[in-house]
Amino acid sequence: MNFKEGIPLKFKTDLDSIAISYAGTKVDSGKLRLRLKEGLRLGTINFGNIKTAFTNQLVDKIIPHWYGTPWSFGGHTAIPNQGEIACGYFISTTLRDMGINLNRYKLAQKSPIDEAKMISCGSVINKIVQDTPQKAFEDIDRLTKEGLYFIGFDQGHVGYLLKREGKLFLIHSNYFSPAFVCIETLKESRVFKHFTKFHLVDISHNDILLQRWLENSTIL
């Protein structure tokens, strides 16, 4: 994640290779889930290990395939860099491909607050309302710890919020030109600067969500 602040990452490679690699990554995610479930049953790992493994697999294995995939309002491709993807479908598709049992169409078509409610599985949803981006950033920084979150932007946009090594990043299907899936620092994000209301849901430390993932129980 060494890149200049405010510069989204975009990757170009052979599309068939991406599709094949992504299919393999989804299989690996399923195997990881089964290994972690068995390890927890045997007592060889704890739930903290599961949180870390889940986050790393989603952030470092699943999501990177999507960088550079074009955004469109109605985009709903299920294959990275083949077709276009809207912000809601980017979230629902990557969560599904991580192995969370959900209907990606139903989740993607919900409003940001309703999407937050579904992903939260009843856990806390933090609402941030501020009159400046700086104040909003400070609130978000205070409310988060190392890990991955869902972030809803009022009624207009959704994405992942990642805190890694104390820095906040936004991972989303960005509708601002050049309009593609990217990772960027939250503070420099043009999308972030256009909103004053946010809904924040923990993913990495959401025990209910991760337990449902382990058990392959539906969340939607």
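Everything numeric here is computed off the predicted structure, so don't read it as measured data. (Residues numbered from 1 in each chain as written. Predicted model: local features only at pLDDT ≥ 70, side-chain atom pairs only at ≥ 80, totals over all residues. Heavy atoms only, no water.)

Within a sheet, adjacent strands bond to each other through the backbone by hydrogen bonds, running parallel or antiparallel. In space, the 6 strands of this open sheet follow the order β1-β6-β2-β3-β4-β5, with antiparallel pairing throughout. Across the chains shown, the open sheet's two edge strands, defined by having one partner strand only, are β1 (125-129) and β5 (181-185). Geometrically, the sheet is characterised by an average inter-axis angle of 25° between neighbouring strands, direction not taken into account. Inspection of the sheet shows strand β2 (residues 147-153) paired to strand β3 (residues 157-164) by 7 bridges, in the antiparallel sense. By the bridge assignment for β3, Leu148 is matched with Leu162. In this fold helix α6 (residues 133-143) packs onto β1, β2, β3, β4 (167-173) and β6 (197-202), with an angle of close to 160° to the strand it touches most, β1. (Pairing = 2+ DSSP bridges. Helix = DSSP H or I, 4+ residues; strand = E, 2+ residues; numbered from the N terminus. Axes fitted to C-alpha atoms, helices over the stretch in contact; angles between N-to-C directions. Contact = heavy atoms within 4.5 Å.)

Okay, the pairing of β6 next. Judged by how many residues are buried, β6 sits mostly within the fold: 5 of 6 residues are covered. Where β1 and β6 come together, 5 bridges link them in antiparallel fashion. Paired with Ile125 across the bridge in β6 is Val201. As paired strands, β2 and β6 are joined by 5 bridges and run antiparallel to one another. If you follow Gly152 over to β6, its bridge partner there is His199. (Buried < 20%, exposed > 50% of the residue type's maximum accessible area, 1.4 Å probe, protein only.)

In terms of nonpolar packing, the biggest core is built from 44 residues, with Leu58, Phe90, Leu95, Ile119 and Tyr160 touching the most fellow members. Per-element tally for this core: the top contributor is helix α2 (residues 47-62), with 7 residues. Grouped together as the second largest cluster of nonpolar side chains are 17 residues, Ile128, Phe137, Leu168 and Phe198 included. (Core = buried A, V, L, I, M, F, W, Y, C linked by side-chain atoms within 4.5 Å.)

Running from N to C, α2 and helix α8 (residues 207-215) point in directions that differ by 80°, and their axes come no closer than 11 Å. With respect to their mutual orientation, α2 and α8 come out roughly perpendicular. Here Phe47, Ile50, Lys51 and Phe54 of α2 come into contact with α8, specifically with Asp207, Leu210, Gln211, Trp213 and Leu214. (Parallel < 35°, antiparallel > 145°, perpendicular 65-115°, else oblique.)

Our next topic: the environment of Lys26. By the element assignment, Lys26 lies in helix α1 (residues 15-42). Taking C-alpha positions, Lys26 is 31 Å from Glu188, a pair spaced 162 residues apart along the chain.

Once that is clear, we can look at the pattern of salt bridges. Applying the stated criterion to the full structure yields 9 salt bridges. One salt bridge in this structure joins Asp207 and Lys51, with 3.2 Å as the shortest N-O distance. Of this pair, Asp207 sits in helix α8 while Lys51 sits in helix α2, placing them 156 residues apart in sequence. The residue Lys135 makes a salt bridge to Asp131 at a minimum N-O spacing of 3.5 Å. (Salt bridge = Lys/Arg side-chain N within 4 Å of Asp/Glu carboxyl O.)

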